[in-house]
Amino acid sequence: GVQLKRSEWVIVSILGILKAGGVYIPIDSDLPSKRKSFIIEDTHLKLLITEAEYVLDLTFYNGNTFAIDVEFIASDHDSSALTVASNENDLAYIIYTSGSTGQPKGVMIAHGSLANYVTWAKTFYLYGNLSNTNFGLFTSLSFDLTITSLFLPIISGGILNFYSSDEEISTILRSYFESGISCIKLTPAHISMLEGLNISSAKVEMAVVGGEELRASHVAILKKLNPQMKIYNEYGPTEATVECTIYEVKAVEETILIGHPIANASILILNEFAGLQPIGVYGEIYIGGSGLAQGYLNREDLTQEKFIDHPFQSGARLYRTGDLGRWLPDGNIEYSGRKDQQVKIRGYRIELGEIEN
């Protein structure tokens, strides 16, 4: 488990866990104790990496703890390379999302799925005329949107800049856009906040937007800050490892789509009988390919319900998103909402059934 404020210890901990062959589970300090306790019990946590500030407030956990900011002394440890070799099917992390039964569900993501996303994203986003490949980290580790900011700079020679967990988000956003960092990953809710910050000089050159629906008003705000800014609309649930489709928005007045599949991802749009919908006809979006999660931790019933056998490819699986969309003649996908009551609040997926429970 990783319960840390945003600092260099975050990346030290996560890389250490992955290199040692472990699985990291982000635990947001702002979660209610009951939610934290559920995650601890559901994962049978072996170790909680935290920091001194939280040690006296760990009423939800009685296991092994390591306050990395005071207990880790580099000189006490061997600095040679680890010999543990994880394969593509070994788990890398588990992120908990809202569950309609009242309990969150742990989405299991393997090394292969994580590697597929970050290597594709490096090639797609950072192969261009950017001043740098630097990102800033200002969103929660419990939000898989953060994966992009966390890993892309460190696999591309960029710098990962940490923004304090104690600062107001408005202060962080103003500082970020004026800092000279080229790349940002954010939600439409963050973009809406930018409008009232009176930022005079936005140096961000590329914005990757995910988590909820991107609208023309959001694009207009970003383009006003920097008319040359590249804006990408990502689509994909946590179960597809951050995202599975991508679309570059080039003008304020254009229809904003969710785009086409990323590398090694496949999208099917099916009717209620699992038949393929023709171009232009709405249906449910199903996701396949290398980015699929292994399922939900300790929830085989839900895994079988949501991750179904591929109707046209033996041995493959598809994830039922509950999202509706249609293919357009140019190969892009237009999103048209949910087929259930799920909502997005500040990028977080909320099942109303959980609120009711």
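Before going into details, it helps to say that this report is about the structure given with it. Being a predicted model, the structure only gives us computed values, none of them experimental.

**Some thoughts on the pairing of strand 16 (residues 317–327)**
- In this structure, strand 13 (residues 283–289) lies alongside strand 16, joined through 4 bridges in antiparallel fashion. Pairing of I287 across the sheet is with Y319, part of strand 16.
- Where strand 15 (residues 307–309) and strand 16 come together, 3 bridges link them in antiparallel fashion. Looking at strand 16, one finds that I308 is bridged to L318.
- As judged from the 4 bridges shared by strand 16 and strand 17 (residues 333–338), these two strands associate in the antiparallel manner. By the bridge assignment for strand 17, D323 is matched with R338.
- From the end of strand 16 to the start of strand 17, which pair antiparallel, there are 5 residues, and G331 there has a positive phi angle of about 90 degrees.

**Observations regarding empty space enclosed by the protein**
- Taken as a whole and judged by the stated rule, the model has 2 cavities of 30 Å³ or more.
- Those elements that provide at least two residues to the lining of the largest cavity are helix 5 (111–126) and strand 13.
- At 3 residues, helix 5 tops the list of elements feeding residues into the lining of the largest cavity.
- Grouping the amino acids of the lining of the largest cavity by side-chain chemistry returns 7 nonpolar, 6 polar and 1 charged.
- Looking at the second largest cavity, its volume works out to about 40 Å³.

**A few points about a nonpolar patch on the surface**
- Judged by side-chain polarity, V343, I345, L352 and I355 come together as a nonpolar surface patch covering roughly 330 Å² of accessible area.
- Breaking the nonpolar patch down by element, the ones donating at least two residues are strand 18 (343–345) and helix 11 (352–356).

**Some points on the sheet that holds strand 4 (residues 105–110)**
- Here we have 3 strands laid out as an open sheet, ordered 3-4-14, and antiparallel in their pairing. Edge positions in the sheet fall to strand 3 (91–97) and strand 14 (295–296), since each has one partner strand and no second.

**Quick look at helix 9 (residues 216–225)**
- Considered for burial, the residues of helix 9 that qualify are H218, V219, I221, L222, K223 and L225.
- Those residues of helix 9 hidden inside the fold are in contact with helix 7 (169–177), helix 8 (188–194), strand 8 (206–209), strand 9 (230–235) and strand 10 (245–249).

Cut-offs and rules
Per chain, residue numbering runs from 1 following the sequence as it is written. Reporting in this predicted model follows two pLDDT cut-offs: at least 70 for local features of residues, and 80 or more for side-chain atom pairs to be given and counted; totals over whole chains, interfaces and linings ignore these cut-offs and use all residues. To get the side-chain values, take all heavy atoms of the structure and skip hydrogens and water. Each pair of strands is called paired provided DSSP finds at least two bridges between the two strands. Comment: elements are numbered from the N terminus, with helices defined as DSSP H or I runs of at least four residues and strands as E runs of at least two. Method remark: on a 1 Å grid restricted to protein atoms, a set of points is classed as a cavity if a 1.4 Å probe fits but cannot get out and as a pocket if it is open with protein on both sides within 12 Å along at least five of seven lines; lining residues have an atom within 4 Å of a point. Grid points are joined across faces, edges and corners, and a volume is the space filled by probe spheres set on the points. Think of it as three bins: nonpolar holds Ala, Val, Leu, Ile, Met, Phe, Trp, Tyr, Cys and Pro, charged holds Asp, Glu, Lys and Arg, and polar takes everything else, Gly as well. Residues enter patches when they are more than 30% accessible in relative terms and free of salt bridges; like-charged ones are connected within 9 Å and nonpolar ones (Val, Leu, Ile, Met, Phe, Trp, Tyr) within 5 Å. All accessibility values rest on the Shrake-Rupley procedure with a 1.4 Å probe; residue burial counts only the protein chains present in the view. The term salt bridge refers to a side-chain nitrogen of Lys or Arg lying within 4 Å of a carboxyl oxygen of Asp or Glu. When accessible area is computed with a 1.4 Å probe and restricted to protein chains, residues below 20% of their type maximum are described as buried, those above 50% as exposed, and intermediate ones as partly exposed. Whether two residues are in contact is decided by their heavy atoms, any of which lying within 4.5 Å being enough.

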